[in-house]
Amino acid sequence: MAASILKTNVNTKSPEFEKNTRRMIDLVTQIKNQEEQIATGGGAKAIESQHKKGRLTARERIAKLIDPGSQFFELGVYAAYEMYEEWGGAPSAGTVTGLARVCGRTFMVIANDATVKAGAFFPMTAKKVIRAQNIAIDNHIPTIYLVDSAGIFLPLQEDVFPDTDDFGRVFRNNAVMSAMGIPQLAAIMGMCVAGGAYLPVMCDHILMTEGSGLFLAGPALVQAAIGQKTSAEDLGGAKMHAQISGTVDFREPDDDACIARIRALADKMGAANPAPFSHVASRQPLYSAQEIYGIFSDDPAKQYDMREVIARVVDASEFEEYRAEHGETVLCGYARIGGWAVGIVANQKKHVQTLARGSDQKRMEFGGVIYTESAEKAARFILDCNQNRVPLIFLHDVNGFMVGKDAEWSGIIRAGAKMVNAVANSVVPKIAVICGGSFGAGHYAMCGKAYDPRFIFAWPTARYAVMSGDAAAGTLVEIKLKQLEREGKKVDEKAKKELYESVRATYEHQTDPRYAAARLWVDAIIDPAHTRDALIQALEAAALNPEIREFKTGVLQT
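Residues numbered from 1 in each chain as written. Predicted model: local features only at pLDDT ≥ 70, side-chain atom pairs only at ≥ 80, totals over all residues. Heavy atoms only, no water.

J.: Kindly report on the packing of helix α13 (residues 372-387) against helix α15 (residues 412-425), identifying the contributing residues and their values.
T.: Contact pair α13 / α15: the axes reach a minimum separation of 8 Å and the direction vectors enclose 25°. What the angle tells us is that α13 and α15 run roughly parallel. Crossing angle aside, the handedness with which α13 passes α15 is left-handed. Between α13 and α15, the residues in contact are Thr372, Ala375, Glu376, Ala378, Ala379, Ile382 and Leu383 and Ile412, Ala415, Gly416, Lys418, Met419, Ala422 and Val423, respectively. (Axes fitted to C-alpha atoms, helices over the stretch in contact; angles between N-to-C directions. Helix = DSSP H or I, 4+ residues; strand = E, 2+ residues; numbered from the N terminus. Parallel < 35°, antiparallel > 145°, perpendicular 65-115°, else oblique. Left-handed = near helix turned anticlockwise from the far one by under 90°. Contact = heavy atoms within 4.5 Å.)

J.: Summarise unusual backbone geometry; cite the residues concerned and give the values.
T.: With phi around 55°, alanine 118 is a residue other than glycine that occupies positive phi space. Within the secondary structure layout, alanine 118 lies in the loop between β3 (105-112) and α4 (123-139). The phi dihedral of aspartate 452 is positive, around 60°, even though this residue is not glycine. Of note, aspartate 452 is situated in the loop between α16 (440-445) and β18 (455-458).

J.: If you had to explain helix α5 (residues 167-179) to someone new, which residues and values would you point to?
T.: Of all the residues in α5, the buried ones are Phe167, Val170, Phe171, Asn173, Asn174 and Met177. Projected down its long axis, α5 shows its buried positions confined to an angular sector of 155°, all on one face. Where the residues of α5 are buried, they touch α4, β4 (143-149), β5 (184-193) and α6 (198-201). Trailing α5 by a residue or two, glycine 181 shows a phi angle of about 80°, which is positive. (Buried < 20%, exposed > 50% of the residue type's maximum accessible area, 1.4 Å probe, protein only. Arc of directions from axis to C-beta.)

J.: Which residues make up α15, and what values go with them?
T.: For α15, with 14 residues, the first-to-last C-alpha span of 20 Å sits near the 20 Å given by 1.5 Å per residue. Those residues of α15 not exposed but buried are Ile412, Ala415, Gly416, Lys418, Met419, Asn421, Ala422 and Val423. (Expected span 1.5 Å × (residues − 1).)

J.: Quick rundown of the packing of aromatic side chains? Include the residues and the values.
T.: Describing an aromatic ring pair means giving the distance of the ring centres and the angle of the ring planes. The final tally for this structure, using the stated rule, is 16 aromatic pairs. Centroid distance tyrosine 84 to phenylalanine 122: 4.9 Å. Interplanar angle 40°. Geometry classified as tilted. With tyrosine 84 in the loop between β1 (73-75) and β2 (95-102) and phenylalanine 122 in the loop between β3 and α4, this residue pair connects regions lying 38 residues apart in the sequence. For the residue pair tyrosine 84 and phenylalanine 122, the accessibility class agrees, reading buried in each case. (Phe/Tyr/Trp six-rings, centres within 6.5 Å; stacked < 30°, edge-to-face > 60°.)

J.: Tell me what's going on with the nonpolar core, and back it up with residues and numbers.
T.: For soluble globular proteins, the rule of thumb is that nonpolar side chains tend to be buried together. Among the nonpolar cores identified, the biggest contains 77 residues, and Ile310, Ile344 and Phe457 are the most heavily contacted of them. The element best represented in this core is α4, accounting for 7 residues. The residues contacting isoleucine 344, other than those within four sequence positions of it, are Ile310, Val314, Phe319, Leu331, Cys332, Gly333, Ala335, Phe381, Ile393 and Leu395. Grouped together as the second largest cluster of nonpolar side chains are 41 residues, Val330, Cys385, Ala415 and Tyr464 included. (Core = buried A, V, L, I, M, F, W, Y, C linked by side-chain atoms within 4.5 Å.)

J.: Let's hear about the packing of α4 against α5: which residues, and what values?
T.: At a closest axis distance of 9 Å, the pairing of α4 and α5 adopts a crossing angle of 20°. With respect to α5, the element α4 is oriented roughly parallel. Crossing geometry of α4 relative to α5 is assigned as left-handed. Listed contacts from α5 to Ala126, Val129, Ile130, Gln133, Asn134, Ala136 and Ile137 of α4 are Phe167, Arg169, Val170, Asn173, Asn174 and Met177. Residue composition of the contact of α4 with α5, by class: 8 nonpolar, 4 polar and 1 charged. (Nonpolar A, V, L, I, M, F, W, Y, C, P; charged D, E, K, R; others polar.)

J.: Can you explain the pattern of salt bridges? Please cite residues and give values.
T.: This structure, assessed with the given rule, holds 28 salt bridges. Two residues, aspartate 255 and arginine 61, come together in a salt bridge whose shortest N-O distance is 2.8 Å. In this pair, aspartate 255 sits in helix α10 (residues 255-267) while arginine 61 sits in helix α3 (residues 58-65), placing the two residues 194 residues apart along the sequence. Like aspartate 255, the residue arginine 61 is buried in the burial classification. For lysine 64, the salt bridge goes to aspartate 256, with nearest N and O atoms at 3.5 Å. One end of the pair, lysine 64, is in helix α3; the other, aspartate 256, is in helix α10, and 192 residues separate them in sequence. The partly exposed category is assigned to aspartate 256, whose relative accessible area is 43%. Taken together, the salt bridges that share partners define one network made up of Arg61, Asp148 and Asp255. (Salt bridge = Lys/Arg side-chain N within 4 Å of Asp/Glu carboxyl O.)

Following this line, the structure appears as structure tokens:
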């Protein structure tokens, strides 16, 4: 067996493996059940109302649009989860976004869900559409908009209208994408009102179905503003815009005909420029992806070997590990995923015994912690991947950087700055997967959301915060107790425990991946067994952008 092929030492019959498997299956099932509920949008009555208008729902339209037998890779399912409850909620932020195959090509699809408040834009709706557009911009993905929206949700207009990541940014992105040569097709399949009317009109192709409306102001507002009485059809119907204003390119009788026309147009688009990344025929891993369930542990006190996870994600389980015997708490190496060459940077959760820097004294390095040597190794590896045009995959399970006198004396801050610099200035595509913890500056060094990953995914076991729940609860409770002491109040042990549990529960809720996904800090919560599939989708999308700017790091701390 070649040295680059990862061997497995997993005992699938062990109690620990079975315990981990049960835990992961429970979490995955919970996520899938919640996603199914979210997918019902505004509920059965709202769906029935949409059908009575002769219109399909957003997800029904997408199902007809995509290639038969293909899967829609939905992004942002949990957007606005547990938010806007005083307004009845906004499941999936009232819009559906994701990657789809249409006539053999990858498209970003953005569809208003008219079953949720008539497709009105909540604050998170605008942010979700903008995130989808930014993914399309970064990866040069052609985009299809299925428009069916009443415009801004007026009770929250102050949080939707004015800022740089609010409603107006959507139309700005339309213009930027067009200038970049990223094809955009927009189909008006319902109401398209007020400022929202600019979205389809700023796209390359505009389609409109009978019974839809496109106007800056509806009949009631027109009458109130200028006293003119008119019907919605005369004011901004499909026939008027096709025959008189000349705004729409194609007038279609219904949703089915409109979707067929979109596919016909997509079929005739020119091919994308070739990708600059190495790609060969894909090979399956040697080991079952389902075994990740039993290998991975989200118990901070437990160890596992991240190489076992990598072996079930990469082609043929081949991994050319970089500096394997140095800085062992971060694994770096070259592999292929779906035939695409990648560089992998992953936190190792096994404790390792090594020699202290500059001496022959043995020391223990804790898994999931970034030490000086591992930060420097990772920084150098990231530089190499940029030099050789190799996309980067980051697998997170990180507690943060090592602290203490020994770490400070070894230059941990300098080494961490070097790694963060390399990640920040990296010009090849970066894709992050948060498997377990992703805490503090470790989150940044491993290409957190602020470092422009093309995609960022999370497992149901992900935890995403400045520090772990136990550590945060202990710190916050200590601060609270000191405050009470200053006020002359005494707190008994029972009250201390209750305070700790209350603080911990709040903090744990905020570190849950669904909390992060609700705020678009992650693009999707994925089944660990489908990690390879998600990465292949992301790599194929990233390869649509052939442009790689010059790689510069500025001043590196050395």
